[in-house]
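Fold and contact review
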Amino acid sequence: MKIYLTILVTFVTVSIGSCEVHWKRPNIKTFLDAQGECASYLLIPEEQVQKYVQDSYPDEHRVRNLVRCLLLNINAWNKNNTIKHYVFKNFFKPSEEDSCYEKRTQECLVKTVDSLPADDVNGRAYQSFLCYYRYYGNLIHEEQFIPFDIDIQVKRAKESISVRNTSVETLQQFCKGNILGVHEAELVLSINYVRNGFFEDGGLNLDRLFTQCGKEAILSDHTRQCVETVKSQFCDQPARNYQLFAQCVQANEDLTLPLLEENSPLFLQLKGSSCDSSCGAIAVGPSSIVADGKPSFQRFFRL
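In this convention, every chain numbers its residues from 1, walking through the sequence in written order. Per-residue local features of the predicted model are confined to residues with pLDDT of at least 70, and side-chain atom pairs are confined, for both listing and counting, to 80 or more; whole-chain, interface and lining totals are unaffected and use all residues. To obtain the side-chain values, all non-hydrogen atoms of the structure were included, while hydrogens and water were left out.

1. Observations concerning the pattern of salt bridges
Inclusion rule: Whenever a carboxyl oxygen of Asp or Glu lies within 4 Å of a side-chain nitrogen of Lys or Arg, that contact is scored as a salt bridge. The way it works is that DSSP assigns letters per residue, a run of H or I at least four long becomes a helix, a run of E at least two long becomes a strand, and they are numbered from the N terminus. Type-normalised accessible area, obtained with a 1.4 Å probe on protein chains alone, sets the label of each residue: buried when under 20%, exposed when over 50%, and partly exposed for intermediate values.
Tallied over the entire structure, the rule returns 11 salt bridges. In this structure, R208 engages E200 in a salt bridge whose closest nitrogen and oxygen atoms are separated by 3.0 Å. Residues K215 and D254 are paired through a salt bridge, measuring 3.3 Å at the closest nitrogen-oxygen approach. One end of the pair, K215, is in the loop between α12 (206-213) and α13 (221-233); the other, D254, is in the loop between α14 (239-249) and α15 (256-270), with 39 residues separating them in the sequence. A relative accessible area of 26% means that K215 is categorised as partly exposed. A relative accessible area of 21% means that D254 is categorised as partly exposed.

See below:
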């Protein structure tokens, strides 16, 4: 068993720098990719889609369906039927001479979307799309990172624990919320961020991480300086990846640590152990409900 674990850890560590190929699809898409996929789902012929584009997405039932599908496809639509600005803006390039594009877009959203009923999901999506399409900037056709939904994030957290074959002692600490600084946490956290595509060229891809989390602090000068400082201080992996996470972004990224904590009981039970009484024997996963911008961990996965 000791030999097996040594081989596994060595394999994972060596592979960390060359894993990007494993995550690029389907989490990188162009606007046209997403639109074409939705046209296929909704059985809209390509020539009809082109006509919609030429007519600047006219207000028709099928166009509204197409637009909402597109926003869902790129994970730019919230469950409360509002647009995720920090995701959708990536598909537009404002004019360098235009300093009012954000104000005009926001005014459009207030005027055309806020008054619509919450259950008019297609109408809200369509009008939100038009505000960006008309006022934010020009559509771009380069590939963009598509943020993961919560189910994928739960899956990745479980994979990170499983691939590391994390020990009972470490899982018991994870279960109590003691993760940073715990033995094996370096590799578990590094695997998680590699699987999500947030590490690149020996550092953090802050643009992708921002698109996933939507926290402005991730793109701050302070965070960028932190990344450069850590890169200069830590050369070996997984220590560098771990320190990039722990020192530079974990305070503004509120899912990775809770997911590792709440899913550790599952792996403890598989190893014939359990958390202490404060954790119970249930692995908890996050619900899709978000309150005050924070994930709500209310959905239970019975073991």
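Back to the write-up after that little detour.
2. Thoughts on the packing of aromatic side chains
The criterion, for reference: Classification of ring pairs rests on two measures: the distance between centres of Phe, Tyr or Trp rings, Trp counted by its six-membered ring, which must be within 6.5 Å, and the angle between planes, read as stacked under 30 degrees, edge-to-face over 60 and tilted in between.
Under the defined criterion, the tally for this structure stands at 19 aromatic pairs. Relative to Y132, the ring of F92 lies with its centre 6.1 Å away and its plane at 40°, an arrangement referred to as tilted. Taken together, the residues F92 in strand β2 (residues 92-93) and Y132 in helix α8 (residues 121-135) connect sequence positions 40 residues apart. Across the pair, exposure class does not vary: F92 and Y132 are buried alike.

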